[in-house]
Amino acid sequence: MYRIDGASATATSYCPEAWLARWLEETQQYKEPVWAFSKVGVRPLRAALAALIERLAVDLVVLVDGGIDLTLKGDETSIGTPAEDLATLCAAAGLAQPAIAMCLGFGAELREGIPHAQVLERFAELQRTGAYLGAVSLAPATSAGAAYREALAYVHAGQATQRGSHIQKVVLAAMDGEFGGATSDVWVSPLAAIRWFFDVRGLASTHVFLSHLEKTETIWDVTTIVRGCRKALNSRPRTSIPI
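Residues numbered from 1 in each chain as written. Predicted model: local features only at pLDDT ≥ 70, side-chain atom pairs only at ≥ 80, totals over all residues. Heavy atoms only, no water.

Caption draft 1: Focus on the environment of M1. By secondary structure assignment, the location of M1 is in the segment before β1 (2–4). A sequence separation of 35 residues divides M1 from A36, and the C-alpha atoms of the two residues are 5.7 Å apart. Leave out the neighbours within four places in its chain, and M1 touches W35, A36, F37, A48, A51 and L52. (Helix = DSSP H or I, 4+ residues; strand = E, 2+ residues; numbered from the N terminus. Contact = heavy atoms within 4.5 Å.)

Structure, rendered in structure tokens:
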């Protein structure tokens, strides 16, 4: 676990967390550091989260996913790039504190082969089980939308020579009212700027192989188990919707 403040920000190293910390300090008068975690398995990640929860007296954990990988059940045609998402979901589901998940950037993961018809089907399933908590758009005219845009611009300016976030570009385009895509792996719509909320334990309990990750120590353990479970599953054929 790493404590990162604004003084850590440098243009020559990729660390958006440091630039976010500096933006919070300079524009929001928020002096608390940003905490980051190594890419590890469920056991050490849960221990780190528990230590941070105790240190900060946290009463609610909020997982934020750029994209919708975190919500998938595990048997879809493609589950994107799941290792870090699933390790975090599994770790958070085993904490004593209540936890919710928020996803942003629907439609930004076409390059991973995710059929978004199956994503909406999954949302409907979570609605039936009570794990879907609702949705709200990140509108540019709101204070949240304005702060989101300002923070991204600040981080981008500080790391102009570093790689940027594909998903955040799609979200910004959606906020600007763009539609469609210039390439086959990008599709912008108002759905990309919607924040979808879910109960973490409800997500975890309906995932088809998440429990197999409980004893993992490294991110490579997670990746190996995910690959093995996916091979053993009958992944669903690609589906589409008539709209």
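Resuming the write-up.
Caption draft 2: Region of interest: the nonpolar core. Within the largest apolar cluster, 40 residues are counted, with the highest numbers of intra-cluster contacts made by I68 and L213. Looking at which element gives the most residues to this core, the answer is helix α3 (residues 83–93), with seven residues. Excluding its chain neighbours within four sequence positions, the residues that come into contact with L213 are V42, L86, C90, V222, I225 and V226. Of all hydrophobic cores here, the second largest spans 14 residues; its members include M102, L138, V170 and M175. (Core = buried A, V, L, I, M, F, W, Y, C linked by side-chain atoms within 4.5 Å. Buried < 20%, exposed > 50% of the residue type's maximum accessible area, 1.4 Å probe, protein only.)

Caption draft 3: Quick peek at the packing of aromatic side chains. Evaluation of the coordinates by the stated rule reveals eight aromatic pairs. Ring centres of F106 and W196 lie 5.9 Å apart, and the angle between their planes is 40°; on these two criteria the pair is classed as tilted. On the criterion of sequence distance, the pair formed by F106 in the loop between β4 (99–104) and α4 (116–129) and W196 in strand β6 (residues 194–199) is long-range, its members being 90 residues apart. In terms of burial, F106 and W196 fall into one category: buried. Pairwise contacts between aromatic rings join F106, F123, Y132, W196 and F198 into one cluster. Here the basic side chain of R163 rests over the ring of Y14, its NZ or CZ set 4.3 Å away from the ring centre. (Phe/Tyr/Trp six-rings, centres within 6.5 Å; stacked < 30°, edge-to-face > 60°. Lys NZ or Arg CZ within 6 Å of the ring centre and 35° of its normal.)

Caption draft 4: Quick look at the pattern of salt bridges. Enumeration according to the criterion identifies nine salt bridges in this entry. Put simply, E217 and R43 hold a salt bridge, and the shortest N to O gap is 3.5 Å. Pair noted here: E217 is in the loop between α7 (200–205) and α8 (219–232) and R43 is in helix α2 (residues 42–56), with a separation of 174 residues, a long-range link. The exposure class of E217 is partly exposed, given its relative accessible area of 39%. For R122, the salt bridge goes to E125, with nearest N and O atoms at 3.0 Å. Of this pair, R122 and E125 both sit in helix α4, three residues apart, which is roughly one turn of the helix. (Salt bridge = Lys/Arg side-chain N within 4 Å of Asp/Glu carboxyl O.)

Caption draft 5: Representation of the pairing of β6 within the structure. Inspection of the sheet shows β4 paired to β6 by five bridges, in the antiparallel sense. Note that in β6 the partner of L104 across the bridge is R195. Two elements, strand β5 (residues 132–137) and β6, share five bridges in a ladder whose sense is antiparallel. Looking at the pairing, A135 lines up with W196 of β6. (Pairing = 2+ DSSP bridges.)

Caption draft 6: Representation of the packing of α2 against α3. The contact between α2 and α3 brings their axes to 9 Å, and the two run at 55°. Taken together, the axis directions place α2 and α3 in an arrangement best described as oblique. Crossing handedness for the pair α2 and α3: right-handed. Packed against α2, whose contacting residues are V42, L45, R46 and L49, the element α3 presents A87, T88, C90, A91 and A92 at the interface. (Axes fitted to C-alpha atoms, helices over the stretch in contact; angles between N-to-C directions. Parallel < 35°, antiparallel > 145°, perpendicular 65-115°, else oblique. Left-handed = near helix turned anticlockwise from the far one by under 90°.)

Caption draft 7: Seen up close, the side chain of D65. Locating D65 in the fold gives a position in strand β3 (residues 61–66). No salt bridge forms around the buried D65; measuring N to O, its nearest opposite-charge neighbour R122 is 11 Å away. Polar contacts involving the side chain of D65 include one to the main-chain amide nitrogen of D69, which spans 3.3 Å. If near-sequence neighbours (up to four positions away) are discounted, D65 is found in contact with L70, D85, M102, C103 and L104. (Lys, Arg positive; Asp, Glu negative; His and termini not counted. Polar contact = N/O pair within 3.5 Å; in protein donor to acceptor, adjacent residues only side chain to side chain.)

Caption draft 8: Here's a closer look at α8. Spanning 14 residues, α8 covers 20 Å between terminal C-alpha atoms, matching the ideal 20 Å at 1.5 Å per step. Looking at α8, one finds that the buried residues are I219, V222, T223, V226, C229 and R230. In an axial view of α8, the angular spread of the buried residues amounts to 135°, which keeps them on one side of the axis. Every exposed residue of α8 that faces more than 90 degrees away from the buried side is listed here: W220, T224, R227, K231 and A232. At its buried positions, α8 is contacted by α3. (Expected span 1.5 Å × (residues − 1). Arc of directions from axis to C-beta.)

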